[in-house]
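Structural description and commentary
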Amino acid sequence: MTVQTLTTAGLPPAPRRTPLSTLAIWGVLLALLAGSWTGADMRPLDLLRDAGNMAAYANGFFPPDFHDWRYYLAEMVVTLQIALWGTALAVVCSVPLALLAAGNITPWWVHQPVRRVLDACRSINEMVFALLFVVAVGLGPFAGVLALWVHTTGVLAKLFSEAVETIDPQPVEGIRATGAHPLEEIVYGVIPQVTPLWISYALYRFESNVRSASVVGMVGAGGIGMVLWDVIRSFEYSQTAAVLLMLVVSVSCIDLCSAWLRKRLV
Amino acid sequence: MPETPTVIEVRALHKHFGAQAALRDVSLTVRQGEMVALLGASGSGKSTLLRHLSGLHHADAGSPSRVDVLGRNVQAGGRLSPRVRALRAEVATIFQQFNLVDRLPVMTNVLAGALPRQPLWRTLFKRFPCCEVQRAYEALSRVGIECCAWQRASTLSGGQQQRAAISRALVQGAKVILADEPIASLDPESSRRVMSLLADVNRELGVTVLVSLHQVDYAFAFCPRTVALRAGEIVYDGPTRELDAERLRTLYGSQTDELFAPGGQPADDGRAGATLRALSPLAVGQAA
């Protein structure tokens with residue numbers, strides 16, 4: 001008897017997915033793609049046919065025109081400020097909402113309704129919220145802050161509550177066994193366990209909010225997005241290139257900084 | 001023997017987990033200042049019983065079960081008393097896995113014992129008055145880990161973490177300590193140290209200690225009285241010294257081997273744990 005048979009003798013046979021089911025999955029996927037072809041108006045050949053036009057169009061972007069760079073920079077800073085306030089307000093609101101939405105903290109008749117509210121906040125895009133808030137509070141960065149606040153609260157509270165649901169219940173029980181108040185159980189037993197994850201999620205959302213803040217500007221909510229919208233509409237492609245470059249550089253910087261910060265804090 | 005007040009009173013405790021009976025008609029009385037070992041193999045209901053005493057579990061609904069600690073009701077008929085939190089403040093629990101909050105400093109973990117005495121507005125910001133910090137420091141000195149006060153709990157060894165948990169019980173000013181397998185995750189040296197600490201607290205501060213163990217040796221060395229459980233029923237309740245190997249074998253049958261510390265073979269003279277007893281000066285004092 002060989003070693004091979006010795007080690008595998010008692011082992012139950014590994015469950016094997018039939019080739020048929022794998023084929024079926026691929027079939028469904030391909031059918032879906034084919035069915036969506038006309039709906040998505042797929043015209044790949046146009047890319048080749050109009051290549052000349054596109055080259056001419058792309059040529060308009062060069063060289064980038066940094067003539068108004070001071071103005072762009074000021075608006076870029078406004079964009080960062082929108083993201084900062086939107087994220088900060090969202091973090092503050094997410095902490096209580098996350099605890100209420102956590103299945104291991106509250107009974108179902110509390111966490112289910114709270115989760116549905118968070119779903120609603122999350123399912124509507126920042127851009128749509130920005131459109132609504134521009135009507136409510138007028139054009140400008142404040143509308144952007146409100147839009148980011150609502151949407152980010154929906155996202156962060158969900159992520160935070162998932163972190164709460166994965167905690168180790170034993171330390172919480174240790175605190176409970178001293179006769180502590182339920183709020184003390186949360187402050188001493190739950191929060192310390194989730195802090196690293198919460199910080200990490202909040203920083204990540206700040207990064208995404210810098211990106212989102214540049215987009216919500218397009219509907220009139222201030223910042224670099226508004227500038228971008230103006231230069232695109234007035235066909236100033238070399239200025240558009242300059243704005244886009246600044247956007248790319250600042251978003252990369254923020255990403256690098258927050259990655260570094262996350263590593264230090266977590 | 002003069003009548004000392006009853007501290008723990010369990011009457012007809014029944015508990016099922018699904019269809020599985022965990023405790024069947026358990027009744028138990030513990031008097032003030034006793035140090036009692038709760039003995040039994042894994043799954044015999046030791047932890048379940050202890051968790052009922054601090055109201056972390058509640059008994060089967062509609063059963064005649066009743067638990068009183070320090071003369072106050074913990075639960076009756078499967079319903080927790082609304083004042084169970086006030087009672088938990090005086091009944092400390094020590095867990096097998098220490099149940100400290102890893103990321104908090106040892107000091108904060110120990111100060112958690114003072115939470116019920118402090119107003120909520122203060123504790124929610126982790127503020128404690130100097131006298132409580134002083135008390136926590138003294139508790140840490142008593143167990144010999146005051147030097148680790150500001151380290152995160154996760155940086156401590158298992159034995160040190162369990163001693164921190166004992167400090168937390170001391171800061172609570174507990175009149176009863178329920179220790180649920182306090183030494184099951186520890187090496188022999190740390191185990192001996194933790195058990196000696198519990199015995200000191202019992203002797204010097206008059207704290208009633210109920211400690212669940214699955215190793216007979218430690219019961220012999222530290223606890224004058226033993227309550228033995230098997231499959232959720234109390235099968236022995238009496239002086240530990242009357243438990244000899246013969247009796248243990250009739251109680252536990254094939255499970256007997258599990259009850260002895262790995263490596264610590266029961267002595268052939270029929271007195272289980274005689275070796276460990278000889279090593280412990282404390283046990284000599286207790287046996288006398």
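All values reported here derive from a predicted model rather than from experimental measurement. Position numbers for residues start from 1 in each chain and track the written sequence from start to end. Lettering of chains starts at A and numbering of ligands starts at 1, both following the order in which they are written. In keeping with the predicted nature of the model, local features appear solely for residues at pLDDT of at least 70, side-chain atom pairs appear and are counted solely at 80 or more, and the whole-chain, interface and lining totals rest on all residues. Excluding hydrogens and water, the side-chain figures rest on all heavy atoms present in the structure.

**Description of the nonpolar core**
Residue and element names in this part refer to chain B. The criterion, for reference: Nonpolar cores were defined as sets of buried Ala, Val, Leu, Ile, Met, Phe, Trp, Tyr and Cys residues, with membership established by side-chain atoms within 4.5 Å. Categorising residues by exposure relies on relative accessible area from a 1.4 Å probe, with only protein chains included: less than 20% of the type maximum marks a residue as buried, more than 50% marks it as exposed, and the intermediate range marks it as partly exposed. Each domain's limits were defined by an automated method or a database of domain assignments. Any two residues whose heavy atoms approach within 4.5 Å are treated as being in contact.
One finds Met35, Leu39, Ile177, Met195, Leu198 and Leu213 to be the most contacted residues of the largest nonpolar core, which totals 64 residues. Both of domain 1 (6-90 + 175-287) and domain 2 (100-174) provide at least three residues apiece to this core. Residues within four places of isoleucine 177 in sequence aside, it is in contact with Ala92, Ile94, Ala169, Leu198, Val201, Val207, Thr208, Val209 and Leu210.

**Some words on helix H6 (residues 158-172) of chain B**
All names here are of chain B. Filter applied, for reference: The helix and strand labels rest on DSSP assignments: H or I over at least four residues marks a helix, E over at least two residues marks a strand, and numbering proceeds from the N terminus. One fewer than the residue count of a helix, multiplied by 1.5 Å, yields its expected span.
Between its first and last C-alpha, H6 extends 21 Å over 15 residues, near the 21 Å set by a 1.5 Å rise per residue. Summarising burial for H6: 13 of the 15 residues are buried, a large majority. Directly beyond the C-terminal end of H6, a positive phi value near 70° is found at glycine 173.

**Concerning the sheet that holds strand S1 (residues 6-17) of chain B**
All names here are of chain B. In plain terms, the rule: Think of it this way: DSSP has to see at least two bridges between two strands before they count as a pair. Axes here refer to lines fitted to C-alpha atoms; in helices the fit is confined to the stretch in contact. Angles between the N-to-C directions go from 0 to 180 degrees.
What the five strands build is an open sheet, ordered S2-S1-S4-S5-S6; its pairing is antiparallel. With one partner strand each, in any of the chains shown, strand S2 (20-31) and strand S6 (79-80) form the two edges of the open sheet. Two strands pair when backbone bridges link them, and S1 and strand S4 (residues 66-69) are joined in this way by four bridges, in the antiparallel orientation. Residue pairing in the sheet places valine 10 in a bridge with valine 67 of S4. Each of S1, S2, S4 and strand S5 (72-76) touches helix H1 (residues 46-53); the most contacted strand, S1, lies at about 120° to it.

**Brief notes about helix H2 (residues 19-35) of chain A**
Look at H2(A): 24 Å from first C-alpha to last across 17 residues, which is about the 24 Å you get at 1.5 Å a residue. Burial within H2(A) is sparse, with just zero of its 17 residues counted as buried.

**A word on the pairing of strand S7 (residues 91-94) of chain B**
Residues and elements named next belong to chain B. Judged by which residues are buried, S7 turns out to be covered on both faces: Val91 and Thr93 on one side and Ala92 and Ile94 on the other are all buried. Both S7 and strand S8 (residues 176-180) contribute to a ladder of four bridges, which runs parallel. Its bridge partner being in S8, threonine 93 is matched across the sheet by leucine 178.

**Observations regarding a nonpolar patch on the surface**
Residues and elements named next belong to chain A. To keep it simple, the criterion reads: The residues that make up patches have over 30% relative accessible area and no salt bridge, and they are joined within 9 Å when like-charged or within 5 Å when they are Val, Leu, Ile, Met, Phe, Trp or Tyr. Per-residue accessibility takes into account occlusion by the displayed protein chains alone, with areas from the Shrake-Rupley method and a 1.4 Å probe. Think of a salt bridge as a Lys or Arg side-chain nitrogen and an Asp or Glu carboxyl oxygen that are within 4 Å of each other.
Side chains of Phe66, Trp69, Leu73, Val77 and Leu245 sit close together on the surface and give an oily, nonpolar patch of about 430 Å² of accessible area. Here the element with the most residues in the nonpolar patch is helix H5 (residues 69-101); it accounts for three residues. Take tryptophan 69: it is sitting in helix H5. Judged by its relative accessible area of 39%, tryptophan 69 is partly exposed.

**Comments concerning unusual backbone geometry**
Trans is the common state for peptide bonds, and a negative phi is the common state for residues other than glycine. Residues Phe62(A) and Pro63(A) are joined by a peptide bond in cis, for which omega reads -5°. Note on placement: Pro63(A) falls in the loop between helix H4 (51-59) and H5. A positive phi angle, close to 55°, is found at Asp41(A), a residue other than glycine. By secondary structure assignment, the location of Asp41(A) is in the loop between H2 and helix H3 (44-49). By relative accessible area, Asp41(A) is classed as partly exposed at 47%. If you check the backbone angles, Phe98(B) has positive phi at about 70° while not being a glycine. Structurally, Phe98(B) is set in the loop between S7 and helix H3 (106-111). The exposure class of Phe98(B) is buried, given its relative accessible area of 9%.

**Remarks on the interface of chain A and chain B**
Heads up, the rule is: Two parts lose some accessible area (1.4 Å probe) when they are put together, and adding that loss for both gives the buried area. N or O atoms closer than or at 3.5 Å make up a polar contact, with two conditions inside protein: a donor-capable atom paired with an acceptor-capable one, and, for residues adjacent in sequence, both atoms drawn from side chains.
The interface of chain A with chain B comprises 20 residues on the first partner and 26 residues on the second. Note on chain A versus chain B: buried area summed over both sides is about 2,100 Å², and carbon and sulfur give 63% of it. Three residues, Ala177(A), Thr178(A) and Tyr188(A), lead the burial of chain A against chain B; their summed loss comes to 31% of the area buried on that side. On inspection of chain A and its partner chain B, the count reaches one salt bridge. Close ionic contact of Arg51(B) with Glu173(A) constitutes a salt bridge, the shortest N to O distance being 2.5 Å. For the pair chain A and chain B, the number of links is five residue pairs in polar contact (both at pLDDT 80 or more). Of all elements in the fold, only helix H9 (169-176) and helix H10 (182-216) of chain A reach the threshold of two or more residues within the side of chain A that touches chain B.

**Let's talk about the packing of helix H6 (residues 108-123) of chain A against helix H8 (residues 141-165) of chain A**
All names here are of chain A. Heads up, the condition is: Throughout, the term roughly parallel applies to angles under 35 degrees, roughly antiparallel to angles over 145, roughly perpendicular to angles from 65 to 115, and oblique to all others. Crossings are sorted by hand: turned counterclockwise from the far helix by less than a right angle, the near helix makes the crossing left-handed, and turned clockwise it makes it right-handed. Polarity classes work like this: nonpolar for Ala, Val, Leu, Ile, Met, Phe, Trp, Tyr, Cys and Pro, charged for Asp, Glu, Lys and Arg, and polar for all others, with Gly in that last group.
At a minimum axis distance of 7 Å, the contact between H6 and H8 shows a crossing angle of 135°. When the axes of H6 and H8 are compared, the pair comes out oblique. Considering only the axes of H6 and H8, their crossing is left-handed. For the pair formed by H6 and H8, the contact residues are Arg115, Leu118, Cys121 and Arg122 on the first element and Val150, His151, Thr153, Gly154, Val155, Ala157, Lys158 and Glu165 on the second. Class assignment for the residues of the contact of H6 with H8 results in five nonpolar, three polar and four charged.

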